[in-house]
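Coordinates in review
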Amino acid sequence: MIGGLFIYNHKGEVLISRVYRDDIGRNAVDAFRVNVIHARQQVRSPVNNIARTSFFHVKRSNIWLAAVTKQNVNAAMVFEFLYKMCDVMAAYFGKISEENIKNNFVLIYELLDEILDFGYPQNSETGALKTFITQQGIKSQTKEEQSQITSQVTGQIGWRREGIKYRRNELFLDVLESVNLLMSPQGQVLSAHVSGRVVMKSYLSGMPECKFGMNDKIVIDKQGKGGATDEAAKSELGGSGKQSIAIDDCTFHQCVRLSKFDSERSISFIPPDGDYELMRYRTTKDIILPFRVIPLVREVGRTKLEVKVVIKSNFKPSLLAQKIEVRIPTPLNTSGVQVICMKGKAKYKASENAIVWKIKRMAGMKESQISAEIELLPTNDKKKWARPPISMNFEVPFAPSGLKVRYLKVFEPKLNYSDHDVIKWVRYIGRSGIYETRC
Amino acid sequence: MPAVSKGDGMRGLAVFISDIRNCKSKEAEIKRINKELANIRSKFKGDKALDGYSKKKYVCKLLFIFLLGHDIDFGHMEAVNLLSSNKYTEKQIGYLFISVLVNSNSDLISLINNGIKNDLASRNPTFINLALHCIANVGSREMAEAFAADIPRILVAGDSMDSVKQSAALCLLRLNRTSPDLVPMGEWTARVVHLLNDQHLGVVTAATSLITTLAQKSPDDFKTSVSLAVARLSRIVTSASTDLQDYTYYFVAAPWLSVKLLRLLQCYPPPEDGAIRARLVECLESILNKAQEPPKSKKVQHSNAKNAVLFEAISLIIHHDSEPTLLVRACNQLGQFLQHRETNLRYLALESMCTLASSEFSHEAVKTHIETVISALKTERDVSVRQRAVDLLYAMCDRSNSKQIVAEMLSYLETADYSIREEIVLKVAILAEKYAVDYTWYVDTILSLIRMAGDYVSEEVWYRVIQIVINRDDVQGYAAKTVFEALQAPACHENLVKVGGYILGEFGNLIAGDARSSPLVQFNLLHSKFHLCSVPTRALLLSAYIKFINLFPEVKGTIQEVLKSDSQLRNADVELQQRAVEYLRLSCIASTDILATVLEEMPPFPERESSILAKLKRKKGPGVTLPDLEDQRKERGANVNGGSEHGASNSAATPSPPESAADLLTAAPTPTNRPRPVSSSSLLQPMLSPLSCLSSLSPLSSFAHQGTAATMSATAAGPLFQVSPSTSTDLLGLASPAPSTGGSLLVDVFSELHAPEQASAEAPAPPVADDNFSRFVCKNNGVLYENQLLQIGLKSEYRQNLGRMYVFFGNKTSTQFLNFSASVLCQEPLHSQLNIHAKPADPTVEGGAQLQQTLNIECVSDFVDAPVLNIQFRYGGTLQKMAVKLPITLNKFLQPTEMVSQDFFQRWKQLGAPQQEVQKIFKSKHSMDTEVTKAKIIGFGAALLDGVDPNPSNFVGAGVIHTKTTQVGCLLRLEPNTQAQMYRLTLRTSRDTVSQRLCDLLSDQF
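First things first, this report covers the structure right here in the doc. (Residues numbered from 1 in each chain as written. Chains lettered and ligands numbered in written order. Predicted model: local features only at pLDDT ≥ 70, side-chain atom pairs only at ≥ 80, totals over all residues. Heavy atoms only, no water.)

This next bit is on the overall build of chain B. Scanning chain B for helices and strands turns up 43 helices and 17 strands. The contacts of chain B with a sequence gap of at least 6 include a subset with a gap of at least 24, amounting to 68%. Here chain B has roughly 45,800 Å² of accessible surface; of this, 52% comes from carbon and sulfur atoms. (Helix = DSSP H or I, 4+ residues; strand = E, 2+ residues; numbered from the N terminus. Contact = heavy atoms within 4.5 Å. Areas by Shrake-Rupley, 256 points an atom, 1.4 Å probe, with all protein chains shown as cover.)

Take a look at the structure:
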């Protein structure tokens, strides 16, 4: 039960203010500005309680979105809603920026009226919303169209309208993963996990029923026990690379039939039209770490520091990693830096207190090295430098969790196209999340 | 100050600042700052030397970044280098950075001090000024240590420029405030005074501030300043406003200087020299005259400056309190301000008038403004002004106008702001009591007070009503009637129920004749409130019911029914249940005679200071002015009497629960000096009858014994006390369930009584620690006191009437104690009984070290109290004070005497007079080990005589107490009863006080 929703710019000026419940007063807007945006100490907690009122906020570039409530709400629900709200806005007018919000404020109020009712989240599916919240002004709709909208919004399948027709039935599927790592200087993994998303874009006619299969360990094991012979199982074990992955937890888009997933662990659904996120998941076991960082830091007296960092790529030589960036933090009393690197470009960025080393492309099973000499200014502070970890960014064309799409079947009994007629595209992208190595 | 030329504008700094102002977000700002810091670091690191300009620029940037809230940990060296520059702007930035950023423990401090020293010695006045400003801004102890000696020299040097003198005076003032002990007083002080005659008014202003502060510290050194100040003041006051050029502020001549001079004069009594005095009076008069003149400007600054001088002059007049005409004129002037439309002026006028009211000369003059003040109370919009009006009304109240003022305050109370209600209630209560000619008026006032603002009426107020009603026969009937009527209101405040319950319980019979307030009606009225009240009030009401049974036998049945009901007899609250059970049994079993005795009317309370006054004082702190000085004095006298009586009653030990009625009889006479108006012979009379029946009341008495004896409150000096030493007694002790509340009221009063007499004590004296005191009665060495900082150990030896005690002070911390001092304080009677000579101790105690102090003791005559050791020292900047009772007790001068059985009994018989013997029966606190007991008796100082007593388990001892004047023989006998875990201790000495004291000391040990 969200009491109100405010959007601020970076200065704390209110761009959008929508209050849903009477228990939220006008001063709540100011309370958040004073205590969070303009707080003397930077506020890190996304949830703040000010005068018995809870403020949940997310930040997109320089824009603050804050949901306010006086009740004891489910915080996860509120954040889910805020993220959804960001997605919806992005789907309507692109990047969320102060200018875009100012230009579209009528639309935003309209959206807010639609997706929250008395503080309860309603349908936030962009595809469905776009059918009746448009920027083109009121088209004279026929009675039929109106009743169609009504039946769709109030019906069982709120996320897809009837009578969609495409000449080419196409389907795009992206597996997007971000891999998080914390490694000790000796190369011991302290913590690692992959959080992934299966994002789809579907252009299918009619009301198709889809079935998605992947190498989930439980499904594979069940099949192995049920139908497959021992030999098959053996060959699986002997084969290079693992065949199945253990998913720790997953969440689905509302279109997925959860009862079927619970009983048979099969993912079947009637897809929304256009972009949507089919599922989210997390794995922690048997993660393929695409890069290994080997740091070497040597303090030479009080005024000099020598840093050497080696990165090794750890995947098939045929694959190419992109957008590689290594960030080596420097002490706060750095007065000068000399860098030598074999590949890519490296630069000392004083404003970020770090050496940033960028490599455009790097194939698998290679290694590269950077060495830097850092000059220090003697200070009267006896505090030792805390040595923050070296962090890394990259993009690789495979799923570090090992997830594989086994099949994606489409059935549309009413229309005359079959699974074979649908053109399907599958893509794997692995990105770095927080990928850090201590030095 | 040389003007900053345009070329010095530091473009880089301006660009940096504007960059930061233009940052869109916090992150961007931090990035910009990081970039700048890296840049500055690379610049400072650079091998080539920076020129002064860029050094200044970068130090400025660092300063700006620091002021934005970021840590700066470099650049100090560069800043120190700037100090040695010859350019004003560079030096200035260097000093600025140092005063803002350098902390005292830095290794650069010696470099900085060197720089400052050079500047102080330079011939350039602006450099000297910069250095002085830096010292004053930092103002740390280290700075004071380094420069405190130099600055006075600059201040009084003949060739110093005016601006330098000005800065030096203010700098010295600042150092004097931060570390007064480091500023040396010397021959310069005399010359500082002459700065008051300086040509330059700025110097005079600065010097006056300094002299005022110094004069507060050591008034005698600056006595000569009075005449100079008066001369200077008269020159300012009489000058035409154009004379003083720069120092004329909106047509007022040097207002700041005038105010400061007037304040300086307030450090001293009125000047004795007639000429000076006449001149001062003339000045004050002309200031008062100027207030009457039409304003020369309509600007608010003009009137503010003029009034500032005026108010300071008035406070000087009040301070002197010697010129009746001036006082009256001041009062009239303030009276005009009372109606001024400026709120601040009204506030100040009320505040000053409050002090004026306490002066005997102007009290009458203040009283003429009563109407204005009352209207201020009612119409003022600002609550703080109303508060002042209340204070003033309180201060101007006396016998002639008390009725009016109390009535006004009462009527105002209904609409008063919540924040000041409690205070008004207290003040009304005090005034009503103080000026009550007619006690019916008093009762009316207080009852309406409770009715109107019950929540704000503190316990003390209603305690006091009851005390007064009980002590005044003439008002009792009226009080009962009024209370009865007040209780008939459908909703009463709980405090009213308390007063009602108490008064009807005591004096309900006085109005019972009227059919409208027959006993049953009274009871029903009280009982109708019963269920709405809290537990303490219910307990009080139960006591009132039992008193009703005595007063009106006809309602006995009804009340017994109430007591029998489950809600009483099985109440979850132990106190209520016990009362119900005991009262029910008492009413069933006891005959009317017994009831009449047990539930007799309360005896009058001893006269003592109103506890409300004590509370008000506590609330307001020192400085509460009392309206009538003579009254105040009288009150104090009365207090002391009341208080000392009380002390005695408090010291009368609570008797242990008696085992049988017979024991009770022997034990009871001990606390004879309880403050009772009944003589001791008649005391026994009413006691006997309940006691004889007590044995027949076995269920009750046994039950009563389970009740703890400790609940006996010292106040409970009533007949009921002897029946059962359980909680039922406190009906008379103002009905408090635990004695602590009843007791605390008394203790409060007691403690407050002496406070005004030691009025000058700025800080409250620390509580005297005596935890370990009793452990030292039977031994001479050990640890007396210990806290986180300090441990005090003792070693002592005694021979005849002389003793020597070594006190060891151990510093438990790692830092040293400064200004350490320990002194022994003997309170009045003890002072002449005991001579203690303490050798002075070293003023510093190093961390972890021990300090020894030797005390030589001589016992002149027998004594009771113990001397107190006052310790104070400075630890980490804070002053620590503590007081410990020194275990020098009478028995330390007891020397053992061996004697045979025959001698012993002969002497025992010789000391047979009743006052020479003291006997005490008490419960054992420790296990009853024979050997331990023997050791204790020997440690006590007596010789243990074997084979004297026919019963071998008894202990017999003998000894002589040596004092300078006499020797007192002591015989003691201790009879343990292992079965009952009791002891009986008998002491016979030739002096009754000695017997009593020794008995108290020794009985504590077992």
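Residues and elements named next belong to chain A. Phi at Ser 61 takes a positive value of approximately 45°, unusual for a residue other than glycine. Located in the positive-phi region is Lys 323, a residue other than glycine, with phi close to 50°. Assignment of secondary structure puts Lys 323 in strand 16 (residues 320-329).

Let us look at the pattern of salt bridges. Residue and element names in this part refer to chain A. Counted according to the given criterion, the structure contains 48 salt bridges over all chains. With a shortest N-O distance of 2.8 Å, Glu 306 and Arg 298 are connected by a salt bridge. The class of Glu 306 is partly exposed, set by a relative accessible area of 25%. Judged by its relative accessible area of 48%, Arg 298 is partly exposed. (Salt bridge = Lys/Arg side-chain N within 4 Å of Asp/Glu carboxyl O. Buried < 20%, exposed > 50% of the residue type's maximum accessible area, 1.4 Å probe, protein only.)

The next point concerns the pairing of strand 5 (residues 790-799) of chain B. Residues and elements named next belong to chain B. Bridge analysis of strand 4 (residues 782-786) against strand 5 gives four bridges, and the strand direction is antiparallel. Bridge assignment links Val 783 to a residue of strand 5, and that residue is Gly 793. As defined by bridge partners, strand 5 adjoins strand 6 (residues 802-811) across ten bridges and the pair is classed as antiparallel. Bridging from a neighbouring strand, Gly 793 pairs with Phe 808 of strand 6. The hairpin turn running from strand 5 into strand 6, its antiparallel successor, is two residues long, and Gln 800 in that turn takes a positive phi close to 50°. (Pairing = 2+ DSSP bridges.)

Residues and elements named next belong to chain B. Close contact between helix 5 (residues 88-101) and helix 7 (residues 125-138) brings their axes to 9 Å; oriented N to C, the two are set at 10°. In terms of orientation, helix 5 lies roughly parallel with respect to helix 7. Residue-level contacts link Tyr 88, Lys 91, Gln 92, Tyr 95, Ile 98 and Ser 99 of helix 5 to Thr 126, Phe 127, Leu 130, Ala 131, Cys 134, Asn 137 and Val 138 of helix 7. Taken together, the residues of the contact of helix 5 with helix 7 sort by class into eight nonpolar, four polar and one charged. (Axes fitted to C-alpha atoms, helices over the stretch in contact; angles between N-to-C directions. Parallel < 35°, antiparallel > 145°, perpendicular 65-115°, else oblique. Nonpolar A, V, L, I, M, F, W, Y, C, P; charged D, E, K, R; others polar.)

Owing to its 3.6 residues per turn, the α-helix brings residues three or four apart onto one side. Residues and elements named next belong to chain B. If you check helix 15 (residues 274-292), its first and last C-alpha atoms are 27 Å apart, about what 19 residues at 1.5 Å a residue would give, namely 27 Å. Buried within helix 15 we find Ile 276, Leu 280, Val 281, Cys 283, Leu 284, Ile 287, Leu 288 and Ala 291. Burial along helix 15 is one-sided: seen end-on, the buried residues are contained in an arc of 155°. By the N-cap criterion, in which a side-chain oxygen at the helix start approaches the backbone nitrogen of a residue two or three places on, helix 15 is capped by Asp 273, the distance to Ala 275 being 3.1 Å. (Expected span 1.5 Å × (residues − 1). Arc of directions from axis to C-beta. Polar contact = N/O pair within 3.5 Å; in protein donor to acceptor, adjacent residues only side chain to side chain.)

Take the side chain of Arg464(B) next. Residues and elements named next belong to chain B. Relative to the assigned elements, Arg 464 resides in helix 25 (residues 459-471). The class of Arg 464 is buried, set by a relative accessible area of 6%. There is a polar contact of 2.6 Å between the side chain of Arg 464 and the side chain of Glu 433.

This paragraph deals with the sheet that holds strand 2 (residues 14-19) of chain A. Backbone-to-backbone hydrogen bonds join strands into a sheet, with any given pair of strands oriented parallel or antiparallel. Residue and element names in this part refer to chain A. Pairing within the open sheet is antiparallel, and its five strands lie in the order 2-1-5-4-3. Looking at the sheet topology across the chains shown, the edges are occupied by strand 2 and strand 3 (47-50). Averaged over all pairs of adjacent strands, the angle between their axes in this sheet comes to 20°, without regard to strand direction. Strand direction decides the pairing type here: strand 4 (residues 53-60) and strand 5 (residues 63-69), joined by seven bridges, are antiparallel. Looking across to strand 5, one finds that His 57 is bridged to Ala 66.

Residue and element names in this part refer to chain A. Per the stated rule, a full pass over the model turns up 33 aromatic pairs over all chains. Measuring from ring centre to ring centre gives 6.3 Å for Phe 6 and Tyr 8, while their planes differ by 70°; the resulting arrangement is edge-to-face. Comparing Phe 6 with Tyr 8 shows no difference in burial state: the two are buried. Following the ring pairs from residue to residue traces out a cluster consisting of Phe 6, Tyr 8, Phe 32, Phe 55 and Trp 64. Between the NZ or CZ atom of Arg 18 and the centre of the ring of Tyr 20, over which it lies, the distance is 4.6 Å. Its guanidinium or amino end placed over the ring of Tyr 92, Lys 130 lies 5.6 Å from that ring's centre, counting from NZ or CZ. (Phe/Tyr/Trp six-rings, centres within 6.5 Å; stacked < 30°, edge-to-face > 60°. Lys NZ or Arg CZ within 6 Å of the ring centre and 35° of its normal.)

On to helix 30 (residues 556-564) of chain B. All names here are of chain B. Residues of helix 30 that are buried: Ile 559, Gln 560, Val 562 and Leu 563. All buried residues of helix 30 fall inside an arc of 160° around its axis, so they share one side. Of the surrounding secondary structure, the elements contacted by the buried residues of helix 30 are helix 28 (519-530), helix 29 (535-551), helix 31 (566-569) and helix 32 (574-589).

Residues and elements named next belong to chain A. Across the sheet, nine strands lie side by side as 11-13-9-8-23-21-16-19-18; this open sheet has mixed pairing. With one partner strand each, in any of the chains shown, strand 11 (249-252) and strand 18 (345-349) form the two edges of the open sheet. In this sheet, neighbouring strand axes are inclined to one another by 15° on average, regardless of whether the strands run parallel or antiparallel. Strand direction decides the pairing type here: strand 9 (residues 189-203) and strand 13 (residues 274-283), joined by nine bridges, are antiparallel. What sits directly across from Met 200, in strand 13, is Tyr 276.

What follows covers the pairing of strand 10 (residues 209-214) of chain A. Residues and elements named next belong to chain A. Bridge analysis of strand 10 against strand 22 (residues 405-411) gives six bridges, and the strand direction is antiparallel. Residue pairing in the sheet places Glu 209 in a bridge with Phe 411 of strand 22. Inspection of the sheet shows strand 10 paired to strand 12 (residues 267-269) by three bridges, in the antiparallel sense. By the bridge assignment for strand 12, Phe 212 is matched with Ile 267.

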